[in-house]
Amino acid sequence: MTARADLELQLGGPVAALDQLSDAETAELLIIFRAARKAETAGLAAVVDRLVGALPWPLRTAAKKIMFGNRLG
């Protein structure tokens, strides 16, 4: 899979602005996009952990699993 195809997949479909980028620029944008997604997920996981931490201990894991499934790692 090319960087452009992978980026379009990550973005949810074709984006006309990608026509203006070179292959190297598209690959760099894909790297930046993946890093941003990873940082966003890590930040969200930290917030959820603090939120769930307010619950009694036996309920924490179950509540997190029910609300978010495996999306937060």
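Below is a short write-up of the structure. Worth saying up front: this structure is predicted, and the values here are computed from it rather than measured.

So, the pattern of salt bridges
Argument step 1. Using the criterion set out here, one finds 4 salt bridges in the structure.
Argument step 2. Here arginine 4 ties to glutamate 8 by a salt bridge, and the two come within 3.1 Å at their closest N and O atoms. Of this pair, arginine 4 and glutamate 8 both sit in helix 1 (residues 3-11), separated by 4 residues, roughly a single helical turn.
Argument step 3. The partly exposed category is assigned to arginine 4, whose relative accessible area is 29%.
Argument step 4. We note a salt bridge from aspartate 6 to arginine 34, for which the minimum N-O separation is 1.9 Å. Remark: arginine 34 occurs in helix 2 (residues 23-52) and aspartate 6 occurs in helix 1; sequence separation between them is 28 residues.
Argument step 5. Overall, the relative accessible area of 12% leaves aspartate 6 in the buried class.

Observations regarding the environment of isoleucine 66
Argument step 1. One can find isoleucine 66 in helix 3 (residues 57-68).
Argument step 2. Judged by its relative accessible area of 73%, isoleucine 66 falls in the exposed class.
Argument step 3. For the pair formed by isoleucine 66 and valine 15, sequence separation is 51 residues and the distance between their alpha carbons is 34 Å.

So, how was this worked out
Residues numbered from 1 in each chain as written. Predicted model: local features only at pLDDT ≥ 70, side-chain atom pairs only at ≥ 80, totals over all residues. Heavy atoms only, no water. Salt bridge = Lys/Arg side-chain N within 4 Å of Asp/Glu carboxyl O. Helix = DSSP H or I, 4+ residues; strand = E, 2+ residues; numbered from the N terminus. Buried < 20%, exposed > 50% of the residue type's maximum accessible area, 1.4 Å probe, protein only.

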